[in-house]
Amino acid sequence: MLTVTIQKKLAHFDLDIEFTVTKDEILVLFGPSGSGKTTILNCIAGLTKATSGSIQLNNRPLFEAKKVNVPIQRRKIGYLFQDYALFPHLTVWKNIAYGMKSESFAKELMVELRIDHLEEKYPNEISGGEKQRVAIARALATEPDLLLLDEPFSALDDATRARSHEELLRLHKLWEIPIILVTHSHSEAEKLGSRILYLDEGKLKSAMLTYG
């Protein structure tokens, strides 16, 4: 379980948020641009430091103001960025192998995600949907305790996006780790989310259970 209670001073408002996520949930952060969604992900991942509060993952403190701030590489968190952030000079396999814990598990992920035939290709030689699956495989190959997704479907066409939605739901059932998804699409939030948190200017405005 992930427990987040953080505050952070931003340029135009103060972020002040509290929530939990269990391993059987996909939690969606939904709200207008600039409402603090990505900042929350970055604080959880350790890319940004909260001003105050605490973050715990499976009862392990990741952040406690003025006491604990676990380095990024030791947080056991997978992060899928909006642009996927693949290394352009590395093949698909070398991208996935970067940070992997087990070669056999990484190979299994490639088969599960139907990208094993792309092993020797470079990112500029594959499609947007394939890049996304490579990025998911790279994130999961680190065997994380939590997966963060920052608008990973926004650049995909409708058909590829629909397939990617089903893939994410299937992977979530397979690997059973909590997932936090940031999206601007209300239909996507309702389809994928177990719960949706509506944010505005760094504050939780409402929450909704879904059938995702």
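Reference entry: report on the structure contained in this document. In this text, all values refer to a predicted model and were calculated from it rather than measured experimentally.

This part covers the pattern of salt bridges. All told, the structure shown has 9 salt bridges when counted by the stated rule. The closest approach of N and O atoms between Arg-170 and Glu-112, which form a salt bridge, is 2.8 Å. Of the two residues, Arg-170 is situated in helix H5 (residues 158-175) and Glu-112 in helix H3 (residues 103-112); the sequence distance between them amounts to 58 residues. With a relative accessible area of 32%, Arg-170 lands in the partly exposed category. As a salt-bridge pair, Lys-191 and Glu-166 come within 3.4 Å of each other at their nearest N and O atoms. Here Lys-191, found in helix H6 (residues 186-192), pairs with Glu-166, found in helix H5; they are 25 residues apart in sequence, far enough to count as distant. The class for Lys-191 is partly exposed, based on a relative accessible area of 31%. What makes Glu-166 partly exposed here is its relative accessible area of 45%.

It is worth spelling out unusual backbone geometry at this point. Trans is the prevailing form of peptide bonds, just as negative phi is the prevailing case for residues other than glycine. Even without a glycine there, the phi angle at Asn-59 is positive, about 65 degrees. Among the secondary structure elements, Asn-59 is positioned in the loop between strand S4 (52-57) and strand S5 (60-64).

Time to look at the nonpolar core. Of all hydrophobic cores here, the largest spans 37 residues; its most connected members are Ile-96 and Ile-115. For this core, the element with the most residues is helix H4 (residues 128-141), which contributes 7 residues. Ignoring any residue separated from it by four or fewer positions in sequence, one finds Ile-115 in contact with Ile-96, Met-110, Glu-130, Arg-133, Val-134 and Ala-137. In this structure, Ile-6, Val-21, Ile-40 and Phe-63 belong to the second largest nonpolar core, which totals 27 residues.

A few words now on the packing of aromatic side chains. Summed over all chains, the structure comprises 4 aromatic pairs. Relative to Trp-175, the ring of Phe-105 lies with its centre 5.1 Å away and its plane at 85 degrees, an arrangement referred to as edge-to-face. Of the two residues, Phe-105 is situated in helix H3 and Trp-175 in helix H5; the sequence distance between them amounts to 70 residues. Accessibility expressed as a relative area gives 22% for Trp-175, which makes it partly exposed.

So, on to the side chain of Thr-183. With respect to the helices and strands, Thr-183 occurs in strand S9 (residues 179-183). Not counting chain neighbours up to four residues away, the residues in contact with Thr-183 comprise Val-28, Leu-29, Phe-30, Gly-31, Lys-37, Glu-151, Glu-188 and Ala-189.

Look at H3 against H4: their axes get within 10 Å of each other, and the N-to-C directions meet at 150 degrees. As the angle between them shows, H3 and H4 are arranged roughly antiparallel. For the element pair H3 and H4, the recorded crossing hand is right-handed. For the pair H3 and H4, the contacting residues are Phe-105, Ala-106 and Leu-109 in the first and Ala-137, Leu-140 and Ala-141 in the second.

This brings us to the side chain of His-165. The topology assignment puts His-165 in helix H5. Note on His-165: relative accessible area 6%, which makes it buried. Here Glu-188 takes part through its side chain, which lies 2.7 Å from a polar atom of the side chain of His-165. Each residue touching His-165, except ones within four places of it in the same chain, is listed here: Phe-153, Glu-188, Lys-191 and Leu-192.

Let us now look at the environment of Pro-32. Tracing the sequence through the fold places Pro-32 in the loop between strand S3 (26-30) and helix H1 (37-45). The class of Pro-32 is partly exposed, set by a relative accessible area of 41%. Expressed as a C-alpha distance, the spacing of Pro-32 and Val-111, which sit 79 residues apart in the sequence, is 36 Å. If we skip the residues at most four places from it in the chain, Pro-32 touches Lys-37, His-184, Leu-199 and Asp-200.

Reading guide: rules and limits
- Residues numbered from 1 in each chain as written.
- Predicted model: local features only at pLDDT ≥ 70, side-chain atom pairs only at ≥ 80, totals over all residues.
- Heavy atoms only, no water.
- Salt bridge = Lys/Arg side-chain N within 4 Å of Asp/Glu carboxyl O.
- Helix = DSSP H or I, 4+ residues; strand = E, 2+ residues; numbered from the N terminus.
- Buried < 20%, exposed > 50% of the residue type's maximum accessible area, 1.4 Å probe, protein only.
- Core = buried A, V, L, I, M, F, W, Y, C linked by side-chain atoms within 4.5 Å.
- Contact = heavy atoms within 4.5 Å.
- Phe/Tyr/Trp six-rings, centres within 6.5 Å; stacked < 30°, edge-to-face > 60°.
- Axes fitted to C-alpha atoms, helices over the stretch in contact; angles between N-to-C directions.
- Parallel < 35°, antiparallel > 145°, perpendicular 65-115°, else oblique.
- Left-handed = near helix turned anticlockwise from the far one by under 90°.
- Polar contact = N/O pair within 3.5 Å; in protein donor to acceptor, adjacent residues only side chain to side chain.

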